[in-house]
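Now for the letters of each chain:
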Amino acid sequence: DQQVKQNSPSLSVQEGRISILNCDYTNSMFDYFLWYKKYPAEGPTFLISISSIKDKNEDGRFTVFLNKSAKHLSLHIVPSQPGDSAVYFCAASGTYKYIFGTGTRLKVLA
Amino acid sequence: DAGVTQSPTHLIKTRGQHVTLRCSPISGHKSVSWYQQVLGQGPQFIFQYYEKEERGRGNFPDRFSARQFPNYSSELNVNALLLGDSALYLCASSLAVLGEQFFGPGTRLTVL
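What you see is a predicted model, and the numbers here were worked out from it, not measured in a lab.

A. Inspection of the layout of surface pockets at higher detail. Each pocket or cavity is described by its volume, and for the largest pocket that value is around 530 Å³. Around the largest pocket, the lining is made up of 23 residues, and of these Lys-38 and Pro-40 of chain A together with Gln-37, Leu-39 and Arg-108 of chain B lie nearest the centre. Secondary-structure elements contributing two or more residues to the lining of the largest pocket are strand 9 (86–93) and strand 11 (104–109) of chain A. Its residues assigned to classes, the lining of the largest pocket shows 10 nonpolar, nine polar and four charged. Volume-wise, the second largest pocket comes out at about 290 Å³. Forming the walls of the second largest pocket are 14 residues, and the residues nearest its centre are Lys-97 and Ile-99 of chain A together with Gln-44, Phe-45 and Asn-59 of chain B. Secondary-structure elements contributing two or more residues to the lining of the second largest pocket are strand 10 (98–100) of chain A together with strand 5 (44–50) of chain B. Considering each element in turn, the lining of the second largest pocket owes the most residues, three residues, to strand 10 of chain A.

Encoded structure:
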């Protein structure tokens, strides 16, 4: 039972454009969400998080939106850069552990 | 500042053997979590330790065990290795039980 889903395995975006990565969850008890970026041969790197008491959080080029009623969150990257090419994981937590999605591979084309 | 470190980086074992993986958290972090990542999947939670006590366990068999030491470093042990245990094993540290987790580079385990 996949409680956190990233339905798009891959996404290609032109440099300078917006990248939108989506994540859906099923457990209404989740109250903290994170996005991680992963390059090959490295561990995931924390990008941005959001608590369920908020619906938006920004950090530079990265913005996370949370729609609790739809159990959906998204990560916006504006403007996208070639160095953003990586696998992006969303993760959700309600207790002591994080449940990760399967990841979306983003390719930013120069 | 040193990030999360893991050793070894790569490991090859045969079925039935056991393995010990090691993790040193970021200085000041008291929580360590272990994850297993197989190709094409996200990290799957195995254990979390906080202040040397197990705080959570994922859906893994008893062949998997872990412990945390007084200096907050941690070991993950896997007994009676199976081919399906081949994966990237990730360690993450955090200040507390919840909050941002910082990952190490992982240990790539191959079971032949």
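B. Quick peek at the interface of chain B and chain A. Between chain B and chain A, the contact holds 21 residues from the first and 19 residues from the second. With both sides pooled, the region where chain B packs onto chain A buries about 1500 Å², and carbon together with sulfur makes up 59% of that total. Among the residues of chain B in contact with chain A, Leu-98, Glu-100 and Phe-103 of chain B are the three that bury the most area, contributing 27% of the side total. Counting every contact that joins chain B to chain A gives zero salt bridges. Remark: the boundary between chain B and chain A carries one residue pair in polar contact (both at pLDDT 80 or more). For the side of chain B that touches chain A, the secondary structure elements donating two or more residues are strand 4 (31–37), strand 5, strand 6 (53–57) and strand 9 (87–94) of chain B. For the side of chain B that touches chain A, the leading source of residues is strand 6 of chain B, giving three residues. Looking at the side of chain B that touches chain A, its residues break down into nine nonpolar, nine polar and three charged.

Procedures and definitions
- Residues numbered from 1 in each chain as written.
- Chains lettered and ligands numbered in written order.
- Predicted model: local features only at pLDDT ≥ 70, side-chain atom pairs only at ≥ 80, totals over all residues.
- Heavy atoms only, no water.
- 1 Å grid on protein atoms, 1.4 Å probe; cavity = no way out; pocket = protein on both sides within 12 Å on 5 of 7 lines; lining within 4 Å.
- Points joined across faces, edges and corners; volume = space filled by probe spheres on them.
- Helix = DSSP H or I, 4+ residues; strand = E, 2+ residues; numbered from the N terminus.
- Nonpolar A, V, L, I, M, F, W, Y, C, P; charged D, E, K, R; others polar.
- Contact = heavy atoms within 4.5 Å.
- Buried area = accessible area lost by both parts, 1.4 Å probe.
- Salt bridge = Lys/Arg side-chain N within 4 Å of Asp/Glu carboxyl O.
- Polar contact = N/O pair within 3.5 Å; in protein donor to acceptor, adjacent residues only side chain to side chain.

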